[in-house]
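Spelled out, the chains give:
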Number of protein chains: 2
Amino acid sequence: MHDASSDNDGTGSRAPRGRSRATGRATLADVAALAGVSPITASRVVAGKTTVRPELAERVRAAVAQLGYRPDPSARALASAKSRHVVVLIPLLSNTLFTELLEAVQDVMWDAGYPIFVGITQYKPEREAALLDSYLSHRPAGLILTGFDRSEAQRRLIEASDTPCVHVMELSDAPDVHCVGFSQIKAAQAVARHLLDRGRRRIAFVGAQLDPRTLERAEGFRSVLQAAGCHDPRLEILDSRPSSAALGAEAFRRLVETHPDLDAVFFCNDDLAHGGLLEALRLGVPVPDRVSVVGFNDLPGNAQMLPALSSLRTPRREVGDAAARMLLRLMRGEPVDAPAVDLGFELKIRASS
Amino acid sequence: MHDASSDNDGTGSRAPRGRSRATGRATLADVAALAGVSPITASRVVAGKTTVRPELAERVRAAVAQLGYRPDPSARALASAKSRHVVVLIPLLSNTLFTELLEAVQDVMWDAGYPIFVGITQYKPEREAALLDSYLSHRPAGLILTGFDRSEAQRRLIEASDTPCVHVMELSDAPDVHCVGFSQIKAAQAVARHLLDRGRRRIAFVGAQLDPRTLERAEGFRSVLQAAGCHDPRLEILDSRPSSAALGAEAFRRLVETHPDLDAVFFCNDDLAHGGLLEALRLGVPVPDRVSVVGFNDLPGNAQMLPALSSLRTPRREVGDAAARMLLRLMRGEPVDAPAVDLGFELKIRASS
DNA sequence: CTGAAAGCGCTTACAG
DNA sequence: CTGAAAGCGCTTACAG
């Protein structure tokens, strides 16, 4: 009688390991054994290091293919004290601006082999702090953050973690801060100037959520109107509720009721502007004959509005793409051309202004 | 002269480890040493096991707090062959339906201590297969998938990975399949019946993207109209391009031009319906007097439309919430009440129908 | 260019 | 209820 369990003796780690904790998947050791090299050499090939003799590298690659070997991300992260995760923190998903940004980041990172973690901050600093604290414990390879609105403590936390970090949607001129975006102030100024150029003088501003970028837009708007001598604070509606078509409709109605001489409205989000435009239709207020309307971001659907909505196109896909590429360079320790990348914006004039 | 480095001798791992690969963060061993217990006991307390004497557990918790200890997710995953990541695969982010679903899942999972990985499949089976293959190598603790449209090979892959999995947005009656959603067919049937009840007979259907759920809606719509004896295949527009207001406007125009006797349109997405409604305004087609319009999903903004858009409200937040809770139970090995949860839907009648 | 040894920080059986 | 030992699968110095 021969021992049944001896069938696999000597075949090493490719045999089932009985009560051991092994998972059954091929490991680096299996690959190395099959290729006839040491695990460390196999590791070098898998990691893409070029210091391995081509012939050996080829044997390793063949073994990887034959075994269907996939590196274990946890073991990798534990041994190297670095994961291959990229963390992206955005305020919310209900704004197409951020989902497009996210998709662009995801596209680049996926191709580069980095899965992304998405954290939703809900515009709440404490929520962002909690997310950061939690995600940083995963030792992410990189970080993409929206804007600069965070506490000194958080900044130090990020700094101390030594994680490459790129900020998006706003610009900073601090030399050690990496960011990709455009000037919210200049963008709002461009809208205000456009409306002045159209001969408008009684121009209202409608902002919601009141996040830092909305406030910068308000500031840009105000500066241009003040310079033109036609700024009227009563024409500014700043509402801290989340942006929505309902809010835009409400604001538009309030404005035309209380200020019948109104001749333009700058909504700092397209969804607000959609609501405003529909309310104008409902009230019979001719756009743009009596009131010009302009939105912000130029999200899909503006061309279908009645009249087609003028807006300021923001380059969120380009921002996501450029930020991801910059982060990749930082993660690899490669130099970046400039720490701050200004991608600009474009005024899209349609029928509503 | 005393040896300067001896200052920390004997303090164990709390001292800087010089050239070692340690990260400087507190480890379980540090916690155990401070609490005067073994690492395994500390591990049990941190993991929430109840088999530790309260007094010891308290000492461990105090040490955790004092050291600011955070478990290392990689070490945990490596040792236990399970990560604490939950993977969610959805078709895209540009549909509010999915972002709301995602936010609900995220809320539940965050509270339970599980970060989520989001994969965007772009409605492409090969993309989903690649995402699944990649994410499964992280040994996720759980999986949330949209619908059932995947190959036998993928199903086996998931099965073999032994990862708890919940499907969302569609229902199955297979006893071993866990799912949370509602009947797409019944929902579309409810819309069709509503239009028949309104006395409509020349009812068009507009579908985009043509994903499995859209096709089920088309099927439900068709079945009711056939039963009523007024189904006309020429009134069905099935367009494989992604859903958008522009597409809805185009479809509406085409329908009224080629079928002047049209008296209702069922758009199987609200954004299509918005485009259709605006096109009706543009063309001067009275809604609902000449043509009734109904959308699907009831995303935000319908009440602001002109006229306000009737739609079928789908319970995506509830689906996300329930799916996450079900997955949590599966991950913990707890029993679930039923493998399939039907959350229903609600017809929201507004002015457009 | 290649490898033997040690270690990353945790958990899993196993034993008491 | 508690712990000493081993191990998860990889990478990091170090040495040659």
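Quick caveat: nothing in here was measured; it's all calculated off a predicted structure. (Residues numbered from 1 in each chain as written. Chains lettered and ligands numbered in written order. Predicted model: local features only at pLDDT ≥ 70, side-chain atom pairs only at ≥ 80, totals over all residues. Heavy atoms only, no water.)

S.K.: So what's going on with the domain arrangement of chain A? Which residues, and what values?
M.R.: Residues and elements named next belong to chain A. Domains assigned within chain A are domain 1 (4–71), domain 2 (80–182 + 317–348) and domain 3 (184–313). On a C-alpha basis, the centroid separation for the pair domain 2 and domain 3 is 30 Å. Contact with domain 2, which involves 18 residues of that partner, is made by 21 residues of domain 3. Counting each side, the surface lost to burial between domain 2 and domain 3 is near 1,600 Å², with a carbon and sulfur contribution of 58%. Of all residues in domain 2, the largest losses of buried area upon contact with domain 3 belong to Phe 345, Leu 347 and Lys 348, amounting jointly to 35% of the total for that side. Where domain 2 meets domain 3, there are 2 salt bridges. Between Arg 313 and Glu 318 there is a salt bridge; the shortest N-O distance is 3.3 Å. The interface formed by domain 2 and domain 3 includes 6 residue pairs in polar contact (both at pLDDT 80 or more). (Domains from an automatic or database assignment. Contact = heavy atoms within 4.5 Å. Buried area = accessible area lost by both parts, 1.4 Å probe. Salt bridge = Lys/Arg side-chain N within 4 Å of Asp/Glu carboxyl O. Polar contact = N/O pair within 3.5 Å; in protein donor to acceptor, adjacent residues only side chain to side chain.)

S.K.: Break down the protein's contact with DNA strand D for me, citing the residues and quoting the values.
M.R.: Surveying the vicinity of DNA strand D reveals 29 residues, the closest of which are Leu 28, Ser 43 and Tyr 69 of chain A together with Thr 41 and Arg 53 of chain B. Taken together, the sugar and phosphate atoms account for 65% of what DNA strand D places within 4 Å of the protein. For DNA strand D, a base nitrogen lies 3.4 Å from a polar atom in the backbone of Ala 75 of chain A. Within the side chain of Arg 76 of chain A, one N or O atom sits 3.1 Å away from a phosphate oxygen of DNA strand D. The set of elements that each furnish at least two residues to the surface near DNA strand D consists of helix H2 (39–46) and helix H4 (73–80) of chain A together with helix H2 (39–46) and helix H4 (73–80) of chain B. The element best represented in the surface near DNA strand D is H4 of chain A, accounting for 5 residues. Among the residues forming the surface near DNA strand D, the class breakdown is 13 nonpolar, 7 polar and 9 charged. (Near = heavy atom within 4 Å. Helix = DSSP H or I, 4+ residues; strand = E, 2+ residues; numbered from the N terminus. Nonpolar A, V, L, I, M, F, W, Y, C, P; charged D, E, K, R; others polar.)

S.K.: Residue-level account of the packing of helix H10 (residues 245–258) of chain A against helix H11 (residues 270–283) of chain A, with values.
M.R.: Residue and element names in this part refer to chain A. The geometry of H10 relative to H11 is characterised by a closest axis approach of 6 Å and an angle of 50° between their N-to-C directions. One element, H10, and the other, H11, form an angle in the oblique class. Relative to H11, the crossing made by H10 is right-handed. For the pair formed by H10 and H11, the contact residues are Ala 245, Leu 247, Gly 248, Ala 249, Phe 252, Arg 253 and Val 256 on the first element and Asp 271, Leu 272, Gly 275, Gly 276, Glu 279, Ala 280 and Leu 283 on the second. Residues belonging to the contact of H10 with H11 are distributed by class as follows: 8 nonpolar, 3 polar and 3 charged. (Axes fitted to C-alpha atoms, helices over the stretch in contact; angles between N-to-C directions. Parallel < 35°, antiparallel > 145°, perpendicular 65-115°, else oblique. Left-handed = near helix turned anticlockwise from the far one by under 90°.)

S.K.: Give a description of the sheet that holds strand E8 (residues 264–267) of chain B that names residues and reports values.
M.R.: Residue and element names in this part refer to chain B. Taken together, the 4 strands give an open sheet; going across it, the order is E7-E6-E8-E9, and neighbouring strands pair in parallel fashion. Edge strands, defined here as strands with exactly one partner in the open sheet, are strand E7 (236–239) and strand E9 (292–294). Between one strand axis and the next, the sheet turns by 10° as a mean value, whatever way the strands run. Where strand E6 (residues 203–208) lies against E7, 4 bridges are found, and the strand directions are parallel. Residue pairing for E7: Val 206 is matched across the bridge by Ile 237. (Pairing = 2+ DSSP bridges.)

S.K.: Please provide a residue-by-residue account of the interface of chain B and chain A, values included.
M.R.: In this complex, chain B contributes 51 residues to the contact, which on the side of chain A involves 51 residues. Summed over both sides, the interface of chain B with chain A buries roughly 4,500 Å², with 57% coming from carbon and sulfur. The interface formed by chain B and chain A holds 6 salt bridges in total. Across the pair Asp 107 of chain A and Arg 127 of chain B runs a salt bridge whose closest N-O atoms are separated by 3.7 Å. Applying the counting criterion to the chain B and chain A interface returns 10 residue pairs in polar contact (both at pLDDT 80 or more). Secondary structure elements with two or more residues in the side of chain B that touches chain A: H4, helix H5 (96–112), strand E2 (116–120), helix H6 (125–136), helix H10 (245–258) and helix H11 (270–283) of chain B. Here the side of chain B that touches chain A takes 7 residues from H6 of chain B, the largest share from any one element. Partitioned by chemical class, the residues of the side of chain B that touches chain A number 28 nonpolar, 13 polar and 10 charged.

S.K.: I'd like a rundown of the relation of the copies chain B and chain A, residues and numbers included.
M.R.: Mapping chain B onto chain A leaves a residual RMSD of 0.0 Å; the transformation is a rotation of 180° accompanied by 0.0 Å of translation along its axis. Taken together, the rotation and translation relating the two chain copies correspond to the operation of a two-fold axis. Looking at the rotation axis and the C-alpha trace of chain B, the residue lying nearest is Ser 74 of chain B, at 2.3 Å. In this assembly, 100% of the residues forming the interface of chain B have copies in chain A that are likewise at the interface, indicating an isologous arrangement. (Least-squares fit on C-alpha atoms with pLDDT ≥ 70 in both.)

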